[in-house]
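# Remarks on the overall topology
The lines below spell out each chain.
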Amino acid sequence: MSTPPVRPSGSRTHDGEDVDVVVVGAGPNGLSAAVVLASAGLRVQVREQAEQAGGGTRTVENTLPGFRHDHCSIAHPAGAVSPFFDAFDLGASGVEWLQPDTPFGHPLDGGRAALAHRSLERTAEGLGRDGAAWRSLLGPLVERTREVVSLTQSDLRTFPGVPRTPAGVAATAATAVRLGLRALEQGTPAWDLRFRTEEAPALLTGASAHNIGDPRDLSSAGAGLYLAAMAHAGGWPVARGGSQALADALVAELERLGGSVVLGHRVHDLAELPRARALLLDLTPSGLLDVAGDRLPASVAAQLRRYRYGGAVCKVDYALSGPVPWAAPGLAEAGTLHLGGTRAEVRAAEREVRAGRHPRRPFCIVVQPGVVDPTRAPAGRHTLWTYAHAPRGSRRDLEADVTAQVERFAPGFRDLVLASTTTTAAELGAENPSIPGGDVAAGAVTPWQLVMRPLPRWDPYRVPGLDGTYLCGAATPPGPAVHGMNGVHTARRVLRQRFGDRRDPLDLVRAARASAPQQPPTRP
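Computed from a prediction, not measured in an experiment: that's the story for all the values here.

To continue, consider the environment of His117. Relative to the elements of secondary structure, His117 occurs in the loop between strand E9 (112–116) and helix H4 (120–126). Residue His117 is classed as buried on the basis of its relative accessible area of 7%. Between the C-alpha atoms of His117 and Asp317, which are 200 residues apart in sequence, the distance is 25 Å. Filtering out sequence-adjacent residues up to four positions away, His117 remains in contact with Asp101, Thr102, Pro103, Arg122, Thr123, Ala231 and His232.

Shown next, in the form of structure tokens:
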């Protein structure tokens with residue numbers, strides 16, 4: 001490996017430290033970018049508005065003492081296969097992935113359910129007449145997990161993870177065609193042709209509805225295929241003790257490398273920040289507009305204002321006296337559940353949200369971490385994490401609607417509730433500007449906006465007109481999810497464009513991690 005570049009003199013922070021790079025936002029992408037840049041020998045400072053680092057990966061006790069709830073993201077299919085987390089070696093920092101044998105399930109009325117197991121074959125067997133169809137749809141993607149990840153976690157411009165050999169390029173291109181054809185099938189009226197029962201299409205539609213849009217849109221269909229395939233590849237794990245463990249590991253590594261994190265500092269204007277060779281913003285386009293003011297060229301500001309945001313979520317956390325009494329066999333072992341009924345019911349509910357209305361029965365994502373992680377609650381107790389899809393900016397408390405949906409498939413659930421805490425879509429946005437109006441995807445995930453987010457430019461990370469300023473949040477490619485790759489792709493450009501360093505960011509992280517002391521698994 002080449003010798004690290006000599007660190008430039010940088011500038012001086014308010015406390016007298018030299019700094020080369022300032023990062024605004026200590027979410028997973030801001031922290032991943034900071035770790036990459038610190039691994040290159042640069043002095044990095046992160047500014048975070050909250051009193052706790054992590055952004056969407058924070059863990060809080062917001063119902064009862066001893067009940068640990070993840071603030072936003074909890075199950076991590078993208079994190080399980082993330083090239084950044086692989087290079088970082090989470091286990092060496094004490095972060096332990098806990099894998100449910102059944103990553104996700106989908107209950108239906110009448111005590112029925114469809115289950116996605118880690119094993120593709122076991123899943124196919126459980127789907128009866130549709131087992132072969134499920135296997136043929138997802139099997140080729142599972143077999144080519146490496147290529148699928150290279151595509152879906154790339155910068156969607158240069159595909160840095162694609163092997164630069166004829167065979168590697170051909171394999172990745174073939175995988176792109178397979179994924180694209182399957183998305184076309186599931187994202188058009190042809191989606192009704194593959195399956196013959198209610199269970200299999202509901203199972204896939206629940207995964208597609210994570211997009212908070214019509215599950216039959218191309219982008220939603222592609223997301224559902226990706227998530228379903230990852231269930232059989234890397235799984236949908238949770239972090240022992242809470243997703244906060246991910247943020248804590250990244251902060252610890254940043255500080256070990258000489259960087260720092262300043263908490264409780266909300267940036268209202270870029271003028272508040274110390275001068276540095278590069279400024280990275282883990283913000284959405286609306287957040288950039290808020291802090292940049294009139295510094296942006298008028299044409300760029302106009303493009304940012306045209307950026308579209310999508311549907312939102314209302315979050316309801318429950319402290320329970322025992323496990324959820326699901327009516328259908330197998331759901332008690334599922335890490336994540338999608339509550340919404342049949343494929344047609346889920347699609348109808350999502351159309352209502354898209355139209356700005358609250359459906360009578362909202363689609364709900366439910367995670368029961370106690371299936372694999374007993375540290376989330378006192379002995380014998382459980383936590384339940386839920387999202388109900390809602391119009392962006394909604395101030396409506398959906399606790400009653402969520403409880404009714406759980407009770408629909410788990411009679412007796414209400415009797416187990418010790419306490420609950422609701423965070424409306426509007427409150428989520430007020431707490432975290434990177435979740436505008438409760439849009440946890442940081443922007444509508446449409447086919448155009450997935451590829452061209454946040455600006456229709458070859459380099460979507462660099463902010464035109466603001467020298468040395470970059471966006472690195474979920475509004476940049478490859479989009480939303482906890483994998484840190486948005487930050488990695490931004491850091492790659494910062495190193496090359498601002499510091500003349502063309503080394504691979506993941507190689508830098510591996511080299512830095514090789515000198516880090518091993519930590520035991522986290523035990524809250």
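With that out of the way, let us pick up the sheet that holds strand E17 (residues 417–423). Hydrogen bonds between backbone groups are what pair the strands of a sheet, and the pairing can be parallel or antiparallel. Ordered in space as E9-E8-E14-E15-E16-E13-E17, the 7 strands form an open sheet in which the pairing is mixed. Of all strands in the sheet, those with a lone pairing partner are E9 and E17, marking the two edges. Direction aside, the axes of adjacent strands within the sheet are offset by 20° on average. Summarising the sheet, strand E8 (residues 102–108) and E9 pair through 5 bridges and their orientation is antiparallel. Bridge pairing in E9 links Leu108 to Arg112. Contacting E8, strand E13 (312–320), strand E14 (334–339), strand E15 (364–367), strand E16 (382–390) and E17, helix H14 (residues 399–409) runs over the sheet at an angle of about 65° to E13.

Turning to the sheet that holds strand E3 (residues 21–24), a few remarks are in order. Strand order in this open sheet of 5 strands is E11-E4-E3-E12-E18, and the pairing throughout is parallel. The sheet terminates laterally at strand E11 (260–262) and strand E18 (469–471), the two strands that pair on one side only. Taken over all neighbouring pairs, the strand axes of this sheet differ in orientation by 20° on average, direction set aside. In terms of strand pairing, E3 meets strand E4 (residues 44–47) through 4 bridges, oriented parallel. Each bridged residue has a counterpart across the sheet, and for Val24 the counterpart in E4 is Arg47. Contacting E3, E4 and strand E12 (278–281), helix H1 (residues 28–39) runs over the sheet at an angle of about 170° to E4.

Where helix H8 (residues 199–208) meets helix H9 (residues 218–232), the closest approach of the two axes is 7 Å, and the angle between their N-to-C directions is 110°. Considering the angle they form, H8 stands roughly perpendicular to H9. In contact with Leu204, Ala207 and Ser208 of H8, H9 contributes Ser220, Ala221, Gly224, Leu225, Leu227 and Ala228. Of the residues contributing to the contact of H8 with H9, the split by class is 6 nonpolar, 3 polar and no charged.

What follows deals with the layout of surface pockets. Of the pockets and cavities examined, the second largest pocket occupies roughly 480 Å³. For the lining of the second largest pocket, the secondary structure elements donating two or more residues are helix H2 (77–80), helix H3 (83–88), helix H6 (145–152), helix H17 (485–499) and helix H18 (505–513). Class assignment of the residues belonging to the lining of the second largest pocket gives a composition of 11 nonpolar, 8 polar and 6 charged.

Turning next to the environment of Tyr470. Along the chain, Tyr470 falls in strand E18. By relative accessible area, Tyr470 is classed as buried at 1%. Sequence separation of Tyr470 and Leu283 is 187 residues, and the distance between their C-alpha atoms is 9.8 Å. Beyond its immediate chain neighbours, meaning those up to four positions away, Tyr470 contacts Leu279, Leu280, Leu281, Tyr461, Arg462, Val463, Thr490, Arg493, Val494, Gln497 and Arg498.

A separate point is the packing of aromatic side chains. Under the definition given, this model contains 8 aromatic pairs. Grouped by ring-pair contacts, the aromatic residues Phe84, Phe85, Phe88 and Trp97 constitute a single cluster. Note that Arg513 overlies the ring of Phe88, its terminal NZ or CZ placed 4.1 Å from the centroid.

Now for helix H11 (residues 285–292). Of all 8 residues in H11, 6 are buried; the element is thus mostly enclosed. Every buried residue of H11 is accounted for by Pro285, Gly287, Leu288, Leu289, Val291 and Ala292. Those residues of H11 hidden inside the fold are in contact with E12, helix H12 (298–305) and E18. Downstream of H11 by one or two residues, Gly293 has phi in the positive range, about 60°.

What follows deals with the pattern of salt bridges. A side chain of one charge can pair with a side chain of the opposite charge when the charged atoms of the two come close. Taken as a whole and assessed by the stated rule, the structure comprises 25 salt bridges. The residue Arg361 makes a salt bridge to Glu345 at a minimum N-O spacing of 3.9 Å. A residue pair is termed long-range when its members are at least 10 positions apart, and Arg361 in the loop between helix H13 (343–354) and E15 and Glu345 in helix H13 qualify at 16 residues. Assessed through its relative accessible area of 38%, Arg361 is described here as partly exposed. Notably, a salt bridge pairs Arg408 with Glu345, separated by 3.0 Å at the nearest N-O pair. Note that Arg408 is positioned in helix H14 and Glu345 in helix H13, a separation of 63 residues in sequence. Judged by relative accessible area, Arg408 falls into the buried class, the value being 17%. Relative accessible area serves as the criterion here: at 30%, Glu345 is assigned to the partly exposed category. Sharing partners across several salt bridges, the network here consists of Asp109, Glu345, Arg361 and Arg408.

Rules behind the numbers
Residues numbered from 1 in each chain as written. Predicted model: local features only at pLDDT ≥ 70, side-chain atom pairs only at ≥ 80, totals over all residues. Heavy atoms only, no water. Helix = DSSP H or I, 4+ residues; strand = E, 2+ residues; numbered from the N terminus. Buried < 20%, exposed > 50% of the residue type's maximum accessible area, 1.4 Å probe, protein only. Contact = heavy atoms within 4.5 Å. Pairing = 2+ DSSP bridges. Axes fitted to C-alpha atoms, helices over the stretch in contact; angles between N-to-C directions. Parallel < 35°, antiparallel > 145°, perpendicular 65-115°, else oblique. Nonpolar A, V, L, I, M, F, W, Y, C, P; charged D, E, K, R; others polar. 1 Å grid on protein atoms, 1.4 Å probe; cavity = no way out; pocket = protein on both sides within 12 Å on 5 of 7 lines; lining within 4 Å. Points joined across faces, edges and corners; volume = space filled by probe spheres on them. Phe/Tyr/Trp six-rings, centres within 6.5 Å; stacked < 30°, edge-to-face > 60°. Lys NZ or Arg CZ within 6 Å of the ring centre and 35° of its normal. Salt bridge = Lys/Arg side-chain N within 4 Å of Asp/Glu carboxyl O.

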